[in-house]
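Per-entry structural report
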Amino acid sequence: MFDVSRYAVVAEDIVDAGRFLYGRGWSPATSSNYSARIDNEHVAITVSGRHKGQLGVGDVMVVDLQGKPVQSDCRASAETLLHTALYQVFPDVGAILHTHSVNATVLSRLLPAGERLEFEGYELQKAFDGTETHDSTTTVPVFENTQDIEALARETREWFLEHPAQPGYLIRGHGLYTWGKTMADCLRHVEAFEFLFECELATMRVRP
Ligand SMILES: CSC[C@@H](O)[C@@H](O)C(=O)COP(=O)(O)O
Ligand SMILES: [Zn+2]
(Lines give C-alpha, C1' and ligand atoms only; values in the text may rest on other atoms or scores of the structure.)
(Ligands and ions follow the chains in the order given, each with its own letter.)
Protein backbone atom coordinates (compact mmCIF):
# COMPACT_ATOMS: atom_id res chain seq x y z
CA MET A 1 0.00 0.00 0.00
CA PHE A 2 1.05 3.64 -0.38
CA ASP A 3 1.45 6.47 2.11
CA VAL A 4 -1.76 8.53 1.91
CA SER A 5 -0.16 11.69 3.32
CA ARG A 6 2.55 11.52 0.63
CA TYR A 7 -0.19 11.08 -2.00
CA ALA A 8 -1.93 14.23 -0.66
CA VAL A 9 1.28 16.25 -1.00
CA VAL A 10 2.08 15.16 -4.57
CA ALA A 11 -1.58 15.45 -5.68
CA GLU A 12 -1.51 19.12 -4.60
CA ASP A 13 1.71 19.59 -6.59
CA ILE A 14 -0.06 18.18 -9.66
CA VAL A 15 -3.11 20.42 -9.19
CA ASP A 16 -0.86 23.49 -8.86
CA ALA A 17 1.18 22.46 -11.92
CA GLY A 18 -2.04 22.17 -13.95
CA ARG A 19 -3.17 25.65 -13.01
CA PHE A 20 0.22 27.06 -14.01
CA LEU A 21 0.60 25.12 -17.28
CA TYR A 22 -2.97 25.78 -18.40
CA GLY A 23 -2.46 29.46 -17.58
CA ARG A 24 0.57 29.57 -19.87
CA GLY A 25 -1.46 28.01 -22.69
CA TRP A 26 0.60 24.82 -22.68
CA SER A 27 -2.22 22.41 -21.71
CA PRO A 28 -5.33 23.45 -23.69
CA ALA A 29 -8.64 21.66 -24.14
CA THR A 30 -8.13 18.84 -21.56
CA SER A 31 -4.84 17.85 -23.23
CA SER A 32 -1.74 16.93 -21.20
CA ASN A 33 -1.12 14.60 -18.27
CA TYR A 34 0.96 14.96 -15.15
CA SER A 35 2.32 12.56 -12.56
CA ALA A 36 4.45 12.41 -9.42
CA ARG A 37 6.11 9.48 -7.70
CA ILE A 38 4.68 8.46 -4.33
CA ASP A 39 7.18 5.66 -3.63
CA ASN A 40 9.09 2.95 -5.51
CA GLU A 41 5.87 1.21 -6.55
CA HIS A 42 3.23 3.94 -6.77
CA VAL A 43 2.63 7.00 -8.88
CA ALA A 44 -0.04 9.72 -8.63
CA ILE A 45 -1.35 10.63 -12.09
CA THR A 46 -4.15 12.69 -13.64
CA VAL A 47 -7.45 10.99 -14.41
CA SER A 48 -8.09 10.80 -18.18
CA GLY A 49 -9.94 13.64 -19.86
CA ARG A 50 -9.92 16.18 -17.04
CA HIS A 51 -9.50 19.92 -17.62
CA LYS A 52 -5.96 20.67 -16.50
CA GLY A 53 -6.65 24.24 -15.44
CA GLN A 54 -9.43 23.13 -13.11
CA LEU A 55 -7.96 20.06 -11.42
CA GLY A 56 -8.87 19.10 -7.87
CA VAL A 57 -7.23 16.32 -5.85
CA GLY A 58 -10.16 14.08 -6.95
CA ASP A 59 -8.74 14.32 -10.48
CA VAL A 60 -5.48 12.68 -9.37
CA MET A 61 -5.44 8.90 -8.87
CA VAL A 62 -2.85 6.26 -8.00
CA VAL A 63 -1.40 3.61 -10.32
CA ASP A 64 1.36 1.08 -9.79
CA LEU A 65 4.57 1.08 -11.84
CA GLN A 66 2.88 -1.16 -14.44
CA GLY A 67 0.13 1.47 -14.85
CA LYS A 68 -2.59 -0.51 -13.06
CA PRO A 69 -5.05 1.61 -10.98
CA VAL A 70 -4.78 1.20 -7.22
CA GLN A 71 -7.94 1.80 -5.15
CA SER A 72 -9.72 3.75 -7.89
CA ASP A 73 -12.55 3.18 -10.36
CA CYS A 74 -11.42 6.09 -12.53
CA ARG A 75 -9.62 5.71 -15.86
CA ALA A 76 -6.01 6.80 -15.56
CA SER A 77 -4.52 9.00 -18.28
CA ALA A 78 -4.55 7.30 -21.68
CA GLU A 79 -0.77 7.88 -21.71
CA THR A 80 -0.05 6.37 -18.28
CA LEU A 81 2.41 3.84 -19.76
CA LEU A 82 4.59 6.69 -21.09
CA HIS A 83 4.93 7.88 -17.49
CA THR A 84 5.52 4.49 -15.88
CA ALA A 85 8.15 3.63 -18.53
CA LEU A 86 10.14 6.71 -17.46
CA TYR A 87 9.77 5.98 -13.73
CA GLN A 88 11.12 2.50 -14.43
CA VAL A 89 14.12 3.84 -16.38
CA PHE A 90 14.94 6.65 -13.91
CA PRO A 91 14.63 5.62 -10.24
CA ASP A 92 15.44 9.18 -9.10
CA VAL A 93 12.72 10.88 -11.16
CA GLY A 94 9.96 12.29 -8.95
CA ALA A 95 7.67 14.06 -11.44
CA ILE A 96 6.75 13.94 -15.14
CA LEU A 97 4.85 16.57 -17.13
CA HIS A 98 3.36 16.16 -20.60
CA THR A 99 2.21 19.35 -22.33
CA HIS A 100 0.65 20.36 -25.67
CA SER A 101 1.99 23.83 -26.44
CA VAL A 102 1.68 25.44 -29.87
CA ASN A 103 5.46 25.75 -30.18
CA ALA A 104 6.18 22.11 -29.27
CA THR A 105 3.51 20.97 -31.71
CA VAL A 106 4.61 23.19 -34.62
CA LEU A 107 8.33 22.53 -34.16
CA SER A 108 7.83 18.76 -33.98
CA ARG A 109 5.93 18.91 -37.30
CA LEU A 110 8.69 20.91 -39.02
CA LEU A 111 11.45 18.41 -38.27
CA PRO A 112 12.03 15.78 -40.96
CA ALA A 113 11.29 12.18 -39.94
CA GLY A 114 14.17 10.60 -38.03
CA GLU A 115 15.77 13.95 -37.23
CA ARG A 116 16.40 15.01 -33.62
CA LEU A 117 16.24 18.52 -32.28
CA GLU A 118 19.61 19.70 -30.94
CA PHE A 119 20.11 22.74 -28.75
CA GLU A 120 23.64 24.12 -28.58
CA GLY A 121 25.06 27.39 -27.29
CA TYR A 122 22.03 28.52 -25.29
CA GLU A 123 22.74 29.71 -21.75
CA LEU A 124 19.27 28.47 -20.78
CA GLN A 125 20.32 24.84 -21.38
CA LYS A 126 21.75 25.16 -17.87
CA ALA A 127 18.16 25.03 -16.56
CA PHE A 128 18.32 21.27 -17.26
CA ASP A 129 19.55 19.17 -14.35
CA GLY A 130 23.16 18.14 -14.91
CA THR A 131 23.92 20.71 -17.65
CA GLU A 132 26.72 23.01 -16.49
CA THR A 133 27.49 25.06 -19.60
CA HIS A 134 25.99 26.52 -22.76
CA ASP A 135 28.85 24.73 -24.53
CA SER A 136 26.97 21.42 -24.62
CA THR A 137 24.33 19.64 -26.68
CA THR A 138 20.81 18.93 -25.48
CA THR A 139 19.28 16.33 -27.78
CA VAL A 140 15.52 16.00 -28.07
CA PRO A 141 14.30 12.93 -29.98
CA VAL A 142 11.06 13.22 -31.94
CA PHE A 143 8.94 10.07 -31.86
CA GLU A 144 6.16 9.53 -34.41
CA ASN A 145 2.70 10.00 -32.95
CA THR A 146 0.60 6.87 -32.50
CA GLN A 147 -2.46 5.71 -30.58
CA ASP A 148 -0.51 2.54 -29.69
CA ILE A 149 0.78 3.83 -26.36
CA GLU A 150 2.21 0.47 -25.34
CA ALA A 151 4.47 0.48 -28.42
CA LEU A 152 5.46 4.12 -27.87
CA ALA A 153 6.25 3.36 -24.21
CA ARG A 154 8.59 0.56 -25.34
CA GLU A 155 10.23 2.84 -27.92
CA THR A 156 10.82 5.71 -25.47
CA ARG A 157 12.02 3.33 -22.75
CA GLU A 158 14.65 1.86 -25.08
CA TRP A 159 15.83 5.28 -26.29
CA PHE A 160 16.26 6.71 -22.79
CA LEU A 161 18.02 3.61 -21.48
CA GLU A 162 20.62 4.45 -24.16
CA HIS A 163 20.54 8.25 -23.59
CA PRO A 164 19.85 8.75 -19.85
CA ALA A 165 21.25 12.31 -19.71
CA GLN A 166 18.64 13.81 -22.06
CA PRO A 167 15.79 15.63 -20.29
CA GLY A 168 12.79 15.20 -22.58
CA TYR A 169 11.24 14.20 -25.87
CA LEU A 170 8.71 15.36 -28.43
CA ILE A 171 5.94 13.36 -30.07
CA ARG A 172 5.27 14.64 -33.58
CA GLY A 173 2.24 16.89 -33.84
CA HIS A 174 1.43 16.08 -30.25
CA GLY A 175 3.62 17.54 -27.50
CA LEU A 176 6.43 17.38 -24.96
CA TYR A 177 7.37 14.94 -22.19
CA THR A 178 9.89 16.03 -19.58
CA TRP A 179 10.73 15.02 -16.01
CA GLY A 180 12.71 15.98 -12.94
CA LYS A 181 13.69 14.88 -9.47
CA THR A 182 11.02 17.17 -8.02
CA MET A 183 7.92 18.88 -9.45
CA ALA A 184 9.80 22.20 -9.25
CA ASP A 185 12.66 20.75 -11.35
CA CYS A 186 10.15 19.36 -13.83
CA LEU A 187 8.30 22.68 -14.18
CA ARG A 188 11.63 24.42 -14.75
CA HIS A 189 12.35 21.91 -17.53
CA VAL A 190 9.00 22.64 -19.21
CA GLU A 191 9.73 26.37 -19.09
CA ALA A 192 13.26 25.87 -20.41
CA PHE A 193 12.01 23.74 -23.30
CA GLU A 194 9.33 26.29 -24.15
CA PHE A 195 11.91 29.08 -24.20
CA LEU A 196 14.21 27.02 -26.44
CA PHE A 197 11.36 26.00 -28.80
CA GLU A 198 10.44 29.67 -29.15
CA CYS A 199 14.08 30.55 -29.95
CA GLU A 200 14.35 27.78 -32.56
CA LEU A 201 11.15 28.88 -34.29
CA ALA A 202 12.23 32.54 -34.21
CA THR A 203 15.60 31.54 -35.71
CA MET A 204 13.86 29.59 -38.49
CA ARG A 205 11.81 32.70 -39.33
CA VAL A 206 14.90 34.89 -39.88
CA ARG A 207 17.12 32.09 -41.21
CA PRO A 208 14.77 29.65 -43.00
C1 LIG B 1 -7.53 16.37 -25.78
S2 LIG B 1 -6.60 15.42 -26.89
C3 LIG B 1 -5.14 14.95 -25.97
C4 LIG B 1 -5.14 13.48 -25.57
O5 LIG B 1 -5.37 12.66 -26.69
C6 LIG B 1 -3.81 13.13 -24.95
O7 LIG B 1 -2.75 13.32 -25.84
C8 LIG B 1 -3.54 13.90 -23.70
O9 LIG B 1 -2.57 14.59 -23.58
C10 LIG B 1 -4.50 13.81 -22.58
O11 LIG B 1 -4.99 12.49 -22.41
P12 LIG B 1 -5.48 12.02 -20.97
O13 LIG B 1 -6.08 10.67 -21.19
O14 LIG B 1 -6.47 13.04 -20.49
O15 LIG B 1 -4.28 12.01 -20.08
ZN1 LIG C 1 -1.00 14.24 -25.09
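Residues numbered from 1 in each chain as written. Chains lettered and ligands numbered in written order. Predicted model: local features only at pLDDT ≥ 70, side-chain atom pairs only at ≥ 80, totals over all residues.

1. Thoughts on the UniProt feature "binding site: Zn(2+)" (unreviewed entry) in the protein chain
UniProt's feature table lists "binding site: Zn(2+)" (unreviewed entry) at His 98 and His 100, given in the numbering used throughout. As for its placement among the helices and strands, His 98 is situated in strand β5 (residues 95-99). Its 25 C-beta neighbours within 10 Å are what place His 98 among the buried residues. Apart from residues lying up to four places away in sequence, His 98 is in contact with Ser 32, Asn 33, Glu 79, Gly 175, Leu 176 and Tyr 177. Relative to the helices and strands, His 100 resides in the loop between β5 and α3 (102-110). His 100 sits in the buried class, given 21 other C-beta atoms within 10 Å. In contact with His 100, not counting residues within four places along its chain, are Trp 26, Ser 27, Pro 28, Ser 31, Ser 32, Thr 105 and Gly 175. (UniProt positions renumbered as here; feature names shortened; annotations may be inferred. Helix = DSSP H or I, 4+ residues; strand = E, 2+ residues; numbered from the N terminus. Buried ≥ 20, exposed ≤ 12 C-beta atoms within 10 Å, placed from the backbone. Contact = placed C-beta atoms within 7 Å.)

2. Considerations on α3
For α3, the complete set of buried residues consists of Asn 103, Ala 104, Leu 107 and Ser 108. Seen along its axis, α3 keeps its buried residues to an arc of 125°; they face one direction. On its buried side, α3 packs onto β5, β6 (117-120), β8 (142-143), β9 (168-171), β10 (175-180) and α5 (183-206). (Arc of directions from axis to C-beta.)

3. Observations concerning helix α4 (residues 149-162)
Over its 14 residues, α4 runs 20 Å from end to end, which matches the ideal 20 Å to within 8%, given 1.5 Å per residue. Within the span of α4, buried status applies to Leu 152, Ala 153, Thr 156 and Phe 160. Axial view of α4: buried residues confined to an arc of 100°, hence all on one face. In α4, those exposed residues whose orientation departs by more than 90 degrees from the buried face are Glu 150, Ala 151, Glu 158, Leu 161 and Glu 162. Where α4 is buried, its residues meet α2 (80-89), β8 and β9. (Expected span 1.5 Å × (residues − 1).)

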